[in-house]
Amino acid sequence: MKDIEMYSLCEHHLLPFFGRCHVAYIPNKRVVGLSKIPRLVNMFSRRLQIQERLTNQIARAIEEELQPIGVGVIVEAKHLCMVMRGVEKQNSQTVTSAMLGAFRENIHTRDEFLSLVKNRN
């Protein structure tokens, strides 16, 4: 799934950050209904959070529950702490990723995921 809307609150600055989350997994024996992935993203993002931890929590939860061959998660977000205070960079975006299993070990699998996320059509 790509372009899952995500809203969270930075635990360092108590300011929002928001953006999109992209999630992929290669099933082993179990699959999950499509609505469960955005619910998982919401569950972890609706708490005081940092983006790096959020990205890893989503990936680890899928890995633990489904035991897939691989999991890939990318989060792209704007942080209001960067936009409205400090350096005030309006167009900055923070991108984090977590690649587990086949997404870490197999460059072709990882590249396919990255190309699907990059393709905005």
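Look a little higher up for the structure.
It should be emphasised that the depicted structure is a prediction, and the values quoted were computed from it without experimental measurement.

Reading the values: rules and limits
- Residues numbered from 1 in each chain as written.
- Predicted model: local features only at pLDDT ≥ 70, side-chain atom pairs only at ≥ 80, totals over all residues.
- Heavy atoms only, no water.
- Axes fitted to C-alpha atoms, helices over the stretch in contact; angles between N-to-C directions.
- Helix = DSSP H or I, 4+ residues; strand = E, 2+ residues; numbered from the N terminus.
- Parallel < 35°, antiparallel > 145°, perpendicular 65-115°, else oblique.
- Left-handed = near helix turned anticlockwise from the far one by under 90°.
- Contact = heavy atoms within 4.5 Å.
- Pairing = 2+ DSSP bridges.
- Buried < 20%, exposed > 50% of the residue type's maximum accessible area, 1.4 Å probe, protein only.

Some details on the packing of helix H1 (residues 36–45) against helix H2 (residues 51–66)
Okay, step 1: The interhelical angle for the contact between H1 and H2, taken along N-to-C directions, is 135 degrees, at an axis separation of 10 Å. Classified by the angle their axes make, H1 and H2 are oblique. Of the two possible hands of crossing, H1 and H2 adopt the one that is right-handed. Here H1 contributes Leu 40, Val 41, Phe 44 and Ser 45 to the contact with H2, which in turn contributes Leu 54, Gln 57, Ile 58, Ala 61 and Ile 62.

With respect to the sheet that holds strand E3 (residues 48–49)
Okay, step 1: Pairing in this open sheet of five strands is mixed, and the strands run E3-E1-E2-E4-E5 from one edge to the other. Either end of the sheet is taken by a strand with one partner, and the two such strands are E3 and strand E5 (94–101).
Okay, step 2: Bridge count for strand E2 (residues 16–26) against strand E4 (residues 70–79) is 10 bridges, and the pairing is antiparallel. Paired with Ala 24 across the bridge in E4 is Gly 72.

With respect to the pairing of E4
Okay, step 1: Of all 10 residues that make up E4, nine are buried, and the element is covered over most of its length.
Okay, step 2: In this sheet, E5 lies alongside E4 in antiparallel orientation, the contact comprising eight bridges. Bridged to Gly 70 within E5 is Gly 101.

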